[in-house]
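Now for the letters of each chain:
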Amino acid sequence: MLRYILRRILILPFTLFGLSILIFGLLQLLDPIERASLYITSPPRTASAMQDIIARYNLDAPFYVQYWDWISKVVRLDLGWSKSAGTPVLEAVGRFFPATFELALWSFVPIMTLGVTLGVKAAVRQNRLADQLARLFSIVGYAFPSFLFGLLLLLIFYANLQWFPPGRLSDWATAAINSGGYNTITGMNTIDSLINGRLDIFLDALRHLLLPAATLSYVNIALVLRVTRSSMLDVLRAEYVTVARSKGLPEEHVIRRHARPNAMIPVATIGGLLFAGLLNGAVLSETVFNYRGIGWWAANAAGSLDAISVLGVTLLGGTLLIVANLGVDILYAVLDPRIRLE
């Protein structure tokens, strides 16, 4: 087990190196003035000032020299200056990422809980009413555009009923947080409000989270449901399940102890990569609900032609996916001993 994990960890630096080459290659598509945003907070005003910046920061140097300068800054967590946020890219990530992480947590739990539960139930009751309803739910959810579903929720629950507003907090809650005496520790409103003993702010944050979390959950529950159902059907036809049933074991025991654990390997893959995808920011959902997370900032940066910020978000997202893939590989070994033996 330990050797298996160490082998996977040793591959990680090479994968990250490949990601850095890809991001730096995209960076080279920018003109020198745009690349100078890595080093300066405002563009040069004259041609001579531009040439001075290009020479000072080796922006006309060979590829490998520029790459070394850039990767040295990245290792020091210096990702350049964000025009759209008005701060260094790393500070902007620190400002917007907690919101996305909070939304990912509140979305991921119902996604996996309901997706796995409904998928198992649908497979066990194949071609019955429960299976037909679950399949209908998954088809509609998988085909439904997330932004359209979000707009429908806004129309019903905000425009008509005035129950769940967009944004992250109401004005009074924002004023309470900024008034002093409130400790912002994690940047996640639901967590910080409980730490500060402010149940009113917690409930307000929850009201604002519900619609974007429901939008992300509905679309992704359908995906997890389909994968779980397909995997369970394959396992239920396996020979060892037939043997377990022939021994007279109760059906619930066969499902719980023999079939379901072995069907979770594809679900673990989907779950790990799905969570990394949620952490990368749900651009459409965050934009529709004016939920100011990484996705909202990335869309705003792209609209402002802030290429340095977009590449910073891309670097963050790629790193999260690589780490998530490592976690999925390790989870494979936990769920299936045959993998670690290989």
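Refer to the structure presented above.
Residue positions are counted from 1 within each chain, in the order its sequence is given. pLDDT decides what is reported in this predicted model: residues at 70 or higher carry local features, side-chain atom pairs at 80 or more are listed and counted, and totals for whole chains, interfaces and linings draw on all residues regardless. Excluding hydrogens and water, the side-chain values take into account all heavy atoms of the structure.

A.B. asks: Would you mind showing me how to read empty space enclosed by the protein here?
C.D. replies: One simple way to see leftover space: roll a probe sized like a water molecule over the atoms. Two kinds of site are reported from a 1 Å grid over the protein atoms alone, namely cavities, where a 1.4 Å probe fits but cannot get out, and pockets, open sets with protein on both sides within 12 Å along at least five of seven lines, and residues are called lining when an atom falls within 4 Å of a point. Grid points are joined across faces, edges and corners, and a volume is the space filled by probe spheres set on the points. As enumerated under the stated definition, the model contains 2 cavities of 30 Å³ or more in all. Approximately 80 Å³ is the volume attributed to the largest cavity. Forming the boundary of the largest cavity are Ile23, Leu27, Leu38, Trp70, Val74, Leu79, Ile308, Leu311, Gly312 and Leu315. Of all elements in the fold, only helix H1 (2-27), helix H4 (63-75) and helix H15 (307-335) reach the threshold of two or more residues within the lining of the largest cavity. A run of H or I in DSSP counts as a helix once it spans at least four residues, and a run of E counts as a strand once it spans at least two, with each numbered from the N terminus. Residue contributions to the lining of the largest cavity peak at 4 residues, all from H15. Note on residue categories: nonpolar means Ala, Val, Leu, Ile, Met, Phe, Trp, Tyr, Cys or Pro, charged means Asp, Glu, Lys or Arg, and polar means any other residue, Gly included. Along the lines of polarity and charge, the residues of the lining of the largest cavity split into 9 nonpolar, 1 polar and no charged.

A.B. asks: Please clarify how the layout of surface pockets should be interpreted in this entry.
C.D. replies: Empty space within the largest pocket amounts to approximately 550 Å³. Lining of the largest pocket is provided by 24 residues; of these, Arg168, Leu169, Thr174, Asn189 and Arg292 occupy positions nearest its centre. Secondary-structure elements contributing two or more residues to the lining of the largest pocket are helix H5 (89-124), helix H8 (171-178), helix H9 (189-195) and helix H14 (294-303). Classifying every residue of the lining of the largest pocket by side-chain character gives 9 nonpolar, 10 polar and 5 charged. Space inside the second largest pocket adds up to approximately 320 Å³.

A.B. asks: Just checking my understanding: could you explain the packing of H1 against H4 for this structure?
C.D. replies: The description of two packed helices rests on the angle between their axes and on the distance between the axes. Relative orientation of the contacting elements H1 and H4 amounts to 110 degrees, with a least axis distance of 11 Å. In terms of their interaxial angle, H1 and H4 are classed as roughly perpendicular. By crossing handedness, the relation of H1 to H4 is classed as right-handed. Contacts between H1 and H4 involve Phe17, Ser20, Ile21, Ile23, Phe24 and Leu27 from the former and Phe63, Gln66, Tyr67, Trp70 and Ile71 from the latter. Orientation is described by lines fitted to C-alpha atoms, with helices fitted over the stretch in contact, and by angles between N-to-C directions that extend from 0 to 180 degrees. The cut-offs work like this: below 35 degrees is roughly parallel, past 145 is roughly antiparallel, 65 to 115 is roughly perpendicular, and the gaps in between are oblique. Left-handed describes a crossing whose near helix is turned anticlockwise from the far helix by less than a right angle; the clockwise case is right-handed. Between two residues, a contact is recorded if the distance between any of their heavy atoms is within 4.5 Å.

A.B. asks: Is there a simple way to explain the pattern of salt bridges in this structure?
C.D. replies: Between side chains of opposite charge, pairing is possible as soon as their charged atoms come close. For this document, the term salt bridge refers to a Lys or Arg side-chain nitrogen within 4 Å of an Asp or Glu carboxyl oxygen. In the structure shown here, the tally under the stated rule is 7 salt bridges. In this structure, Arg135 and Asp131 form a salt bridge, with 3.9 Å as the shortest nitrogen-oxygen distance. With Arg135 and Asp131 both in helix H6 (residues 129-143) and 4 residues apart, this pair spans about one turn of that helix. Relative accessible area serves as the criterion here: at 0%, Asp131 is assigned to the buried category. One salt bridge connects Asp200 with Arg198, and the closest N-O pair in it is separated by 2.9 Å. Partly exposed residues are those whose accessible area sits between 20% and 50% of the maximum for their type, while under 20% is buried and over 50% is exposed, using a 1.4 Å probe and protein chains only. The class of Arg198 is partly exposed, set by a relative accessible area of 29%.

A.B. asks: What exactly am I supposed to notice about H6 here?
C.D. replies: Because an α-helix packs 3.6 residues into every turn, residues spaced three or four apart end up facing the same way. An ideal rise of 1.5 Å per residue puts 21 Å on 15 residues; H6 measures up with 21 Å between its terminal C-alpha atoms. Buried within H6 are the following residues: Asp131, Ala134, Ser138 and Gly141. Taken around the axis of H6, the buried residues stretch over an arc of 105 degrees, which confines them to a single face. Seen from the buried face of H6, the exposed residues on the opposite side, beyond 90 degrees, are Leu129, Leu133, Leu136, Ile139 and Ala143. Where the residues of H6 are buried, they touch H5 and helix H10 (199-236). To estimate how far a helix should reach, multiply one less than its number of residues by 1.5 Å. The arc in question is the one traced by the directions running from the helix axis out to the C-beta atoms.

A.B. asks: Mind showing me how you'd approach a positive patch on the surface here?
C.D. replies: Nonpolar side chains (Val, Leu, Ile, Met, Phe, Trp, Tyr) within 5 Å and like charges within 9 Å form the patches, drawn only from residues with over 30% relative accessible area and no salt bridge. Throughout, the Shrake-Rupley method with a 1.4 Å probe supplies accessible areas, and for residues the shown protein chains are the sole cover considered. Counting rule for charge: Lys and Arg are taken as positive, Asp and Glu as negative, and neither His nor the chain ends is counted. Charge placement uses NZ in Lys and CZ in Arg. For Asp and Glu, CG and CD serve respectively. Taken together, the side chains of Lys121, Arg125, Arg128, Arg256, Arg257 and Arg260 present a region of like positive charge at the surface. Sort the elements by how many residues they give to the positive patch and helix H12 (residues 251-279) lands first, with 3 residues. One can find Arg128 in the loop between H5 and H6.

A.B. asks: Looking at this structure, how should I read the packing of H5 against H10?
C.D. replies: One way to put it is that H5 packs onto H10 with a least axis distance of 5 Å and a crossing angle of 35 degrees. Crossing angle aside, the handedness with which H5 passes H10 is right-handed. A breakdown of the residues in the contact of H5 with H10 according to their chemical character gives 24 nonpolar, 6 polar and 2 charged.

A.B. asks: Help me understand a nonpolar patch on the surface in this model?
C.D. replies: On the surface, a nonpolar cluster with roughly 790 Å² of combined accessible area is contributed by Phe147, Leu148, Leu151, Leu152, Leu155, Ile156, Leu161, Trp163 and Leu284. Of the residues forming the nonpolar patch, the biggest block, 6 residues, is contributed by helix H7 (residues 146-160). Tracing the chain through its elements places Leu151 in helix H7.

What is shown is where atoms sit, not what they do.
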